[in-house]
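A structural walkthrough
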Amino acid sequence: MKLVTAAILLSSAAAPAAAPLTFEKDVRPIIKAHCTHCHGEEEKPEGGVDLRLRRFMDKHMEDGSAMLVPGDPGKSGLVQLIKNGEMPKKGKHVPDAELAIIEQWIAQGAKTAKPEPLALAPGSLISEEDREYWAFQPVKRPSVPTDVDPKKVRTPIDAFLLKTMRAQGLDFAPEADRRTLIRRVTLDLTGLLPNPSDVENFVADTSPLAYERLVERLLASKSYGERWARHWLDVVGYADSNGYSEADSERPQAWRYRDYVIRAMNDDKPWDEFIREQIAGDELAAATHTDFQQAVLDPRRTDQLIATAFLRMAPDGTGDTTDDPKLAKNQVIAEELKIVTSSLMGLTVACAQCHDHRYDPIPQVDYYRLRAVFDPAFNWEAWRTPAQRLYSLYTPEERAKAAEIEAQAKLIEADARAMSKKFLDEIFEVEIKKVPEAEQAAFRIARDTPKEKQTPEQQALIKKYPSALATYSLNLYDQKKQDIVDAKMAEAKKLRATKPAEGFVMALTEVKGQVPASKLFNRGDHDQPKQAVTPGELSIIAGPQIEPFKPALLSTGSTGRRLAYAQWLTSGKHPLTARVLVNRFWLNTMGRGIVNTPGDFGRQGELPSHPELLDWLADEFVKSGWKLKSLQRLILLSNAYRQSSVNNASLSSDPENKFYARFKMRRLDAETMRDSILAATGTLVQSSFGPPSGIGRDPEGRVVTGIDKSTITVNKVEAGGANDYRRSIYVQVRRSKPVTVLDTFDAPTMSPNCEMRSQTTVAPQSLLLMNDTFILENARRLADRLQAELPDDRRAQLQKAWQILFSKPAPQAALDRSLSYLEAQTKALTQYHHDIQHAKGDVPNPAQEAMASLCQVLCSSNQFLYVE
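Since the structure is predicted, the reported quantities are computational estimates derived from the model, not experimental observations.

1. Notes on the environment of Tyr472
- Note on placement: Tyr472 falls in the loop between helix 18 (456–464) and helix 19 (479–496).
- Looking at Tyr472, the relative accessible area reads 56%, which means it is exposed.
- Expressed as a C-alpha distance, the spacing of Tyr472 and Thr288, which sit 184 residues apart in the sequence, is 47 Å.
- The contacts of Tyr472, once residues within four sequence positions are left out, are Leu424 and Tyr477.

Next comes the structure, spelled out in structure tokens:
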């Protein structure tokens, strides 16, 4: 520590021209992160020490020593307290590098950049430096750079990137070849491999607009929505189960929201409308908890209601058994706020739930003001469980029909019960004769007396002659008569099956007339409410447009808070919404975000690598009607996207590809890998929408698609037919049971959401590719497909495999090696089968097994697993 300090001081002495440090820019962020929670932000600062302003540090400490001695860090009590570990008393110690900054600042005279305020109210301080932070500035459209080579500019994006590259001595890589390009853009837009015939047609198309036509065709594909919905479902934390508790109960209606998102992507629904529907769809549809029937009769309003499941995606164990129901309710709200703010604002607002944010200018009171926007819909003190937030899709006609059928079914059941009683009474008349005659009269009376009114003597008499009772279990006396009753009951069941199917919507609504008082919770504890708060935006963002926050009470009785807030978010004036969205779109296309911490645009996140490009994209997005496909055309048609992934100069000087001087090679995500393997074998089922395909844990402990037949002691999964081979977006998402093949390749577990997927390279992935039945079975299917399409022509089969998996012909050397492998493997397998005894009727096929083995190798290769 002393060496670090000494080095900095010596360096400062040797270089007097070094930029001076200031309290506001350099020191306050450190003090705020570690000290002001106790020393300034509380009503009574600990020890009477307030560190929010520089001038407050001129005071002496309790022992009489000076808190700050400008020019002499060694005599400054602040430095000694930090060094001795006395401040902060809790949490992480101030890192050596940050302490060195404080010491250097003191050595330079402990200066401020500007005069400080004469008075300061208790609580968090939002400084001018905070307000000047880039993410809180209005979006301003910059001019497109013109001092770049116009031959290298296909869209304005290229001009912005070239300008930055030039300062780094970089340039775009050459354009990728056509086979690489069609494989790349098809996987990026649809999540599936291109069809070999489409590849050949594209390669042969000499039109200068061939690539543009390809992009348009892919954007119009239904697979596009299934691919790009997945990105948004990550951000919102989509799951088909409630999570939170060990029960992890199912959410049987969540799939309607998933389908809503897919349709929105395919329809290119404007994102301002998309966001408003998700935050306040119920208010747009004029629906409340008790008055929603009209909304579900109108498809558009039904969609708006379905969209509010965005606010129901957080883990919610309140319908299951929990140790602390109050905590569980408030945790749902906290997790949902985290999803809203990380997805639409790119801020870690959740860090202000218990205290003022340590790094960003978000006071705790702002957290609860923002929560107050959503409180009428959640209302933790008048809570509604997940089951109580389901809304029937029955029309009045369907409801009447269902009631009519139910009434008929009950009449049939009443007839069946009467029939059973008649049979039992007849049996009783036979059985009573087995009771001694002196006790028969008393037994009859006891039998006719309701159980709860029987005397001890009557109970004893019945216990003495139990077989004579004959009031239940008709089958014990006469199975044929029981069968007659069962047949009658089956009529009722069959009749009920003719009811119109009743669907439900999982939605968020308000209860008319219920407007809870929102309060700040001391240290985030719901049992310690403090002052009341009014709904509002974060102070750092609030401006003339929304201050004070004025939602209009709607005619339906809903407060209108969420609708007013959604309108502000999508007004085009909010400094974060459009920036955050376009940054995610860029990330999911280019492999790296302009801000590579998409859920954190605050001080702990990364700064934008190309701030002007980010603002240009945000402004263009809004001015183009918030249309995603328009923005994607700009990105996909750019030189930046179309360049090769090979650029040695960029790779050595910019290994993280911050300057985009090459296409970022990346591995297929989990769902794309699974779907592409199924498509390669010809088994992928591309039916869209509807309830999810089931999953279960097999005897080996893997979670696979199928019908779960497990018991407490035995894991078992039965084949689910075509449902087992649907696209991964339609496979059930259970928080406690992630599908093994997807989980191994980094599919996220939603707790509560996924701001950006990680991409690991770990041993379990290789083990899965070598041993998992999903890979082994699909390798056999691919071999069978090749044999069916090109019988017994190994060379042609290999060429076909290359075209299917890699979108290119097989090089001669690879063909020769593969043929040699097949010959050797066939010989080895022939010997293996000769040496073992097979079950009767089991006829081995060594040549086909060898091809399956090679197909497994190809599906496990980097050439298949990576997008170039």
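2. With respect to helix 23 (residues 628–636)
- Across the nine residues that make up helix 23, a large majority, seven, are buried.
- When we look at burial in helix 23, the residues that qualify are Leu628, Lys629, Leu631, Gln632, Leu634, Ile635 and Leu636.

3. As for the pattern of salt bridges
- Going through the model one piece at a time under the given rule, you end up with 62 salt bridges.
- For Glu200, the salt bridge goes to Arg179, with nearest N and O atoms at 2.7 Å. Here the residue Glu200 occupies a position in helix 8 (residues 196–204), and Arg179 occupies one in helix 7 (residues 178–190), the gap between them amounting to 21 residues.
- Taking relative accessible area as the criterion, Arg179 reaches 18% and is therefore assigned buried.
- Among the ionic contacts, a cluster of salt bridges with common partners joins Lys222, Glu226, Arg674, Asp675 and Arg727.

4. Re the nonpolar core
- Counting 175 residues, the largest nonpolar core has Trp232, Tyr257, Trp271, Phe310 and Trp586 as its most contacted members.
- Those residues in contact with Tyr257 that sit more than four places away from it in its chain are Trp232, Leu233, Val236, Tyr238, Gln278, Ile306, Ala307, Ala309, Phe310 and Met313.
- Of all hydrophobic cores here, the second largest spans 22 residues; its members include Leu21, Met61, Ile82 and Ala110.

5. Section: helix 31 (residues 812–835)
- Here helix 31 spans 35 Å end to end across 24 residues, near enough to the 34 Å set by a 1.5 Å rise per residue.
- All buried positions along helix 31 are accounted for by Ala814, Leu815, Ser818, Leu822, Leu829 and His833.
- Residues of helix 31 that are buried make contact with helix 30 (794–806) and helix 32 (846–859).

6. Let's talk about the packing of aromatic side chains
- Considering all chains together, one arrives at 25 aromatic pairs under this definition.
- Ring geometry for Trp271 against Phe585: centres 5.1 Å apart, planes inclined by 70°, an arrangement best described as edge-to-face. Residue Trp271 is found in helix 12 (residues 271–284), and its partner Phe585 is found in helix 21 (residues 577–590); the two are separated by 314 residues along the sequence.
- Judged by centre distance (5.6 Å) and plane angle (75°), the ring pair of Phe585 and Phe621 falls under edge-to-face. Of this pair, Phe585 sits in helix 21 while Phe621 is found in helix 22 (residues 611–623), placing the two residues 36 residues apart along the sequence.
- Note on Phe621: relative accessible area 1%, which makes it buried.
- Members of the aromatic cluster, joined through ring pairs, are Trp232, Tyr257, Tyr260, Trp271, Phe274, Phe310, Phe585, Phe621 and Trp626.
- Note that Arg447 overlies the ring of Phe428, its terminal NZ or CZ placed 4.1 Å from the centroid.

What counts and how
- Residues numbered from 1 in each chain as written.
- Predicted model: local features only at pLDDT ≥ 70, side-chain atom pairs only at ≥ 80, totals over all residues.
- Heavy atoms only, no water.
- Helix = DSSP H or I, 4+ residues; strand = E, 2+ residues; numbered from the N terminus.
- Buried < 20%, exposed > 50% of the residue type's maximum accessible area, 1.4 Å probe, protein only.
- Contact = heavy atoms within 4.5 Å.
- Salt bridge = Lys/Arg side-chain N within 4 Å of Asp/Glu carboxyl O.
- Core = buried A, V, L, I, M, F, W, Y, C linked by side-chain atoms within 4.5 Å.
- Expected span 1.5 Å × (residues − 1).
- Phe/Tyr/Trp six-rings, centres within 6.5 Å; stacked < 30°, edge-to-face > 60°.
- Lys NZ or Arg CZ within 6 Å of the ring centre and 35° of its normal.

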